[in-house]
Amino acid sequence: MAKKAKKINVNFSDSEASNDQLYVIDENNNVISVVNATTNNVVSTIPVGHQPVSLNGNPNNNRIYVTNGGSQTVSVIDGATNTVIAIIPVGVQPAGVGINPYINRIYISNRGSNTVSVIDGLTNTVISTISVETYPTDIDVHPYINRIYVTNEFKNTVSVIDGLTNTVISTILVESQPSGIGINSATNRIYISNKGSNTVSVIDAITNTVMAIIPVGNQPTGIEVNSSNNQIYVTHEAENTISVIDGLTNIVVATVPVTSPMANIDEDLSLE
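Below, the structure is looked at part by part.

Criteria and thresholds
Residues numbered from 1 in each chain as written. Predicted model: local features only at pLDDT ≥ 70, side-chain atom pairs only at ≥ 80, totals over all residues. Heavy atoms only, no water. Helix = DSSP H or I, 4+ residues; strand = E, 2+ residues; numbered from the N terminus. Buried < 20%, exposed > 50% of the residue type's maximum accessible area, 1.4 Å probe, protein only. Contact = heavy atoms within 4.5 Å. Areas by Shrake-Rupley, 256 points an atom, 1.4 Å probe, with all protein chains shown as cover. Salt bridge = Lys/Arg side-chain N within 4 Å of Asp/Glu carboxyl O. Phe/Tyr/Trp six-rings, centres within 6.5 Å; stacked < 30°, edge-to-face > 60°. Pairing = 2+ DSSP bridges. Axes fitted to C-alpha atoms, helices over the stretch in contact; angles between N-to-C directions.

**Some points on the overall build of the protein**
In terms of regular secondary structure, the protein is built from zero helices and 24 strands. Out of the 272 residues in the protein, the part that is buried amounts to 51%. Sequence separation of 24 or more characterises 36% of the internal contacts of the protein that already satisfy a separation of 6 or more. About 11300 Å² of surface is accessible on the protein, with carbon and sulfur atoms providing 48% of the total.

Spelled out as structure tokens, the structure:
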């Protein structure tokens, strides 16, 4: 069966254009489609590496970073020209992309080598490789405290990396098959979707401890935080719903039906 194009995974303004651009992974054809958000037309198609998995963007320099799981590389796209300007070798089966725009560092979770590659966004080179636990899947950055969070799906843990020293400073036990990560920088809360236990773990970013476990739907994967209203949105691979969590009470306040199961969600991709 042919694979469908992946969901839009990043959205930010081109610094040299008046219109926003949306970057969409088409893993079947190994390209990124660029969509004009005003006209909804595809304005460019960018070839990348084999089996693109995920992407993320740095709005401060208009660069988009794409992990290519089959070629063990990261493609760097210039958002002004929509061309690949660098191809960076990383670890085995690169997956997630986390970015700290304030220090221009890009973090790549490598599922096959159980590492995180740290890329200097100025030189487009790997400056550090950090060992984490088994099968690191998702990765996200809390830019205000310079911490990086990595879900280790086969160890049921989250690795916390200090962005200053590039070392793991804490390993937090969560529940079964941690998958997605959402961060509310305003409240210092980290949200982990646990695919195998149908829960979301809430981590206090100051103490690196789990402060709540929230039951959600079947096989939660994607998770996104809206910091403006302190709500968390969770998608489920095995059912047609989105769980909406109140970040103040850590309670599911709504279950929204959708037309088909969703693996990922991007509710608010503006820089916090």
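Once the structure has been displayed, the description carries forward.
**Here we look at the pattern of salt bridges**
One pass over the structure, following the stated rule, counts five salt bridges. Note that Asp 120 is salt-bridged to Arg 105, the shortest N-O span being 3.6 Å. Residue Asp 120 is located in strand β11 (residues 115–120), and its partner Arg 105 is located in strand β10 (residues 105–110); the two are separated by 15 residues in the primary sequence. Take Asp 120: its relative accessible area is 13%, and that puts it in the buried class.

**Thoughts on the packing of aromatic side chains**
This structure, assessed with the given rule, holds two aromatic pairs. Here the aromatic rings of Tyr 102 and Tyr 144 are separated by 6.2 Å at their centres, their planes lie at 25°, and the arrangement is stacked. Of this pair, Tyr 102 sits in the loop between β9 (94–100) and β10 while Tyr 144 sits in the loop between β13 (136–142) and β14 (147–152), and the two are 42 residues apart along the sequence. Assessed through its relative accessible area of 46%, Tyr 102 is described here as partly exposed. Here the aromatic rings of Tyr 135 and Phe 154 are separated by 4.4 Å at their centres, their planes lie at 10°, and the arrangement is stacked. Separated by 19 residues along the polypeptide, Tyr 135 in the loop between β12 (125–131) and β13 and Phe 154 in the loop between β14 and β15 (157–162) bring together distant segments of the chain.

**Things to note about the sheet that holds strand β16 (residues 167–173)**
With respect to topology, four strands assemble into an open sheet ordered β13-β14-β15-β16, the strand pairing being antiparallel. Every interior strand has two partners, whereas the edge strands, β13 and β16, have only one. Strand-to-strand twist in this sheet, taken as the mean axis angle between neighbours without regard to direction, amounts to 20°. Pairing geometry for β13 and β14, over five bridges, is antiparallel. Each bridged residue has a counterpart across the sheet, and for Pro 136 the counterpart in β14 is Asn 152.

**Examining unusual backbone geometry**
Residue Asn 156 is not a glycine yet carries a positive backbone phi of 60°. Note that Asn 156 resides in the loop between β14 and β15. Given a relative accessible area of 27%, Asn 156 falls into the partly exposed group. A positive phi angle, close to 60°, is found at Asn 250, a residue other than glycine. Turning to its location among the elements, Asn 250 is positioned in the loop between β23 (241–246) and β24 (251–257). Residue Asn 250 is classed as buried on the basis of its relative accessible area of 18%.

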